[in-house]
Amino acid sequence: MSLPHVVIVGAGPAGLAAAERLVEAGGVTVTVLERMPSPARKFLLAGRGGLNLTHSEPLERFLAQFGGSVAPAVREAIARFPPQDLRAWADGLGEATFVGSSGRVFPKSFKASPLARAWLARLGAAGVRLETRTRWIGFAADGGLRVESGGEARTLAADATILALGGASWSRLGSDGAWAPILAEACVPVAPLAAMNAGVEIAWSAIFRERFAGTPLKRIAIGVGAPADGAGTSEAMITAHGLEGTGVYARSAEIGEALDAAGTVALRLDLRPDLAADALAARVAAALKGRTLTERLRRAGLAPAAIGLMREAGPLPAEPAALAARAKDCALDVAAMRPLERAISTRGGVRAEAIDDRFMLRARPGTFVAGEMLDWHAPTGGYLLQGCLATGRAAAEGVLDRLGRS
Ligand SMILES: Cc1cc2nc3c(=O)[nH]c(=O)nc-3n(C[C@H](O)[C@H](O)[C@H](O)COP(=O)(O)OP(=O)(O)OC[C@H]3O[C@@H](n4cnc5c(N)ncnc54)[C@H](O)[C@@H]3O)c2cc1C
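It should be emphasised that the depicted structure is a prediction, and the values quoted were computed from it without experimental measurement. (Residues numbered from 1 in each chain as written. Predicted model: local features only at pLDDT ≥ 70, side-chain atom pairs only at ≥ 80, totals over all residues. Heavy atoms only, no water.)

Draft legend 1. Here's a closer look at the overall build of the protein chain. Within the protein chain one finds 15 helices and 20 strands. Each of the 406 residues in the protein chain was classed as buried or not, and the buried ones make up 52%. The contacts of the protein chain with a sequence gap of at least 6 include a subset with a gap of at least 24, amounting to 72%. Here the protein chain displays about 17,200 Å² of accessible surface, and carbon together with sulfur accounts for 52% of that area. For the protein chain, the distance from the average site of its 46 positive side-chain charges to the average site of its 40 negative ones is 6 Å. (Helix = DSSP H or I, 4+ residues; strand = E, 2+ residues; numbered from the N terminus. Buried < 20%, exposed > 50% of the residue type's maximum accessible area, 1.4 Å probe, protein only. Contact = heavy atoms within 4.5 Å. Areas by Shrake-Rupley, 256 points an atom, 1.4 Å probe, with all protein chains shown as cover. Lys, Arg positive; Asp, Glu negative; His and termini not counted. Charge placed at Lys NZ, Arg CZ, Asp CG, Glu CD.)

Dropping the structure here:
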């Protein structure tokens, strides 16, 4: 009797993690379809930034980073495959990890390619078949998968399917979000795909842009539509288009949702979160009279870029208290998010009500979903890969249960 055949579509971290979990369990044959000529292209790109695999903070704090309708299911999946398991997995592939000063976890090599090579070799040795240049294009009337390769469409039968098609940024690497309308047509609720971990566009004056594009802003606090609450500091980078950087990326779901709802939102920067407003006002007042306003603000401890930002927020007031208030709550109107194409990740995707507690599509029993294409989001910091690997494994466990192989 032949073994049940599982088809995984998408050879990114989620799809490969699902394949791995299936072959660990055994008793199934596994084929991974990938539309690109080679697998894991976005994972390899992530390696260029050092490959932040996961984070070392306590699990409760780690799990609190996840948002979106599928976040509760992602948290459960991560509780079953937590950060220490991911580190052991990397170790098992010959890539020992270390904890950086920020608590983020990286492979010692800072690269993705050795890990990807070892992973693919191990999957191949375990019998996983990888079929590249093969694109999933929809469901066949008989329940099979419609795929296209070499310009020809065909139908593929599977005893279970896992879709791990990624988000919609960096489409030249393979994930283009073309699955969203296909699933919507199959009665699967899908939240609109939008940029996450992306910068924002701010209409700088020409003079500010010319002088400060490329300047980092260290130790600022960021509020979205409300003053920064002063809890912790973050950083950003002034660009020709607006602001980028971890502090902005981490807030991109809030910013995007506010823009969706109202068409406008202000980022409210505290440019000296280490100083109370009255202390800053006293410093401004104490700066020598007769000097230019800019000189006085610099003497009060504000960097040139911070003073430039204060001017971008409107004409500068003269009173020390008002100047300090501007520095503590510098409101900059966001025109838009930077385009999804260049975002690090995507928010939106297959909604929670579309899946059961095993990541199976309610509208298509036998078809499971994993990775970034689900409606969850998280900041940078290793949360994304952890979420993708954990949901890939969880979807595979759902398949094993369904096939009676767990
Ligand atoms: C510049 C950059 C840096 C990043 N750095 C980090 C980092 O350091 N740490 C971190 O945690 N995360 C990082 N990420 C995010 C992380 O890489 C992604 O979240 C992760 O790769 C998503 O995994 P996935 O398997 O869900 O999707 P993907 O990796 O996008 O894989 C999906 C696969 O499905 C294939 N596919 C899509 N549609 C079809 C179809 N119709 N038929 C067949 N195949 C299809 C695609 O070609 C692709 O190979 C980074 C992302 C970017 C862009």
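Draft legend 2. Main features of the layout of surface pockets. Roughly 610 Å³ of internal volume is contained in the second largest pocket. Taken together, 28 residues make up the lining of the second largest pocket; nearest its centre are T233, S234, T246, G247 and A250. If you list the elements that add at least two residues to the lining of the second largest pocket, you get β13 (216–224), β14 (234–238) and α9 (246–250). Element by element, the count of residues in the lining of the second largest pocket is highest for β13, at 5 residues. (1 Å grid on protein atoms, 1.4 Å probe; cavity = no way out; pocket = protein on both sides within 12 Å on 5 of 7 lines; lining within 4 Å. Points joined across faces, edges and corners; volume = space filled by probe spheres on them.)

Draft legend 3. Region of interest: the packing of aromatic side chains. Taken as a whole and judged by the stated rule, the model has 12 aromatic pairs. Grouping aromatic residues by their ring pairs yields a cluster made of F62, F66, W376 and Y383. Positioned over the ring face of F139 is R364, at 3.8 Å from the centre of the ring. (Phe/Tyr/Trp six-rings, centres within 6.5 Å; stacked < 30°, edge-to-face > 60°. Lys NZ or Arg CZ within 6 Å of the ring centre and 35° of its normal.)

Draft legend 4. Up close: the pairing of β14. Pairing of β13 with β14, which is carried by 3 bridges, proceeds in the antiparallel orientation. Opposite I220, over in β14, you have S234 as the bridge partner. As paired strands, β14 and strand β15 (residues 242–244) are joined by 2 bridges and run antiparallel to one another. Looking at β15, one finds that M237 is bridged to E244. Where β14 folds back on β15, the antiparallel hairpin that results is connected by 3 residues. (Pairing = 2+ DSSP bridges.)

Draft legend 5. Expanded view of the site of the ligand. Among the 31 residues in the neighbourhood of the ligand, the closest are listed as E34, N52, S175, E372 and L385. One of the backbone nitrogen or oxygen atoms of N52 is found 2.8 Å away from a nitrogen atom of the ligand. The protein chains hide 93% of the 1,000 Å² of surface that the ligand would expose on its own. (Near = heavy atom within 4 Å. Polar contact = N/O pair within 3.5 Å; in protein donor to acceptor, adjacent residues only side chain to side chain.)

Draft legend 6. Broad picture of the packing of helix α11 (residues 277–286) against helix α14 (residues 320–328). Direction vectors running N to C along α11 and α14 enclose 130°, while the axes themselves pass 8 Å from each other. Between α11 and α14, the interaxial angle falls into the category oblique. α14 is crossed by α11, and the crossing has right-handed handedness. Facing A277, L280, A281, V284 and A285 of α11, the residues of α14 in contact are P320, A321, L323, A324, A327 and K328. (Axes fitted to C-alpha atoms, helices over the stretch in contact; angles between N-to-C directions. Parallel < 35°, antiparallel > 145°, perpendicular 65-115°, else oblique. Left-handed = near helix turned anticlockwise from the far one by under 90°.)

Draft legend 7. Geometry of the sheet that holds strand β17 (residues 330–334). Across the sheet, which stays open at both edges, the 7 strands sit in the order β17-β16-β13-β14-β15-β12-β18 with antiparallel pairing between neighbours. Each edge of the open sheet carries a strand with a single partner, namely β17 and β18 (336–337). Direction of pairing for strand β12 (residues 200–201) relative to β15: antiparallel, over a ladder of 2 bridges. Within β15, the residue paired with E201 across the bridge is G242.

Draft legend 8. Highlighting the environment of V399. Examined against the element boundaries, V399 turns out to sit in helix α15 (residues 383–402). In this structure V399 comes out as buried when scored by relative accessible area, which is 0%. In the structure, V399 is positioned 40 residues away from F359 in sequence and 9.0 Å away in space, judged by C-alpha atoms. Leave out the neighbours within four places in its chain, and V399 touches V6, L22, A160, I162 and F368.

Draft legend 9. Layout of the sheet that holds strand β2 (residues 29–33). The parallel open sheet is built from 5 strands, whose spatial order is β6-β2-β1-β10-β20. With partners counted over all chains shown, the strands left at the sheet margins are β6 (129–131) and β20 (367–369), one partner each. Direction aside, the axes of adjacent strands within the sheet are offset by 20° on average. With 3 bridges joining them, β2 and β6 adopt parallel strand pairing. Bridge pairing links L33 to E131 in β6. The sheet contacts of helix α1 (residues 13–25) involve β1 (5–9), β2 and β10 (160–163), and relative to β1 the element is tilted by about 165°. Those strands touched by α15 are β1, β10 and β20, and its axis lies near 160° from that of β20.

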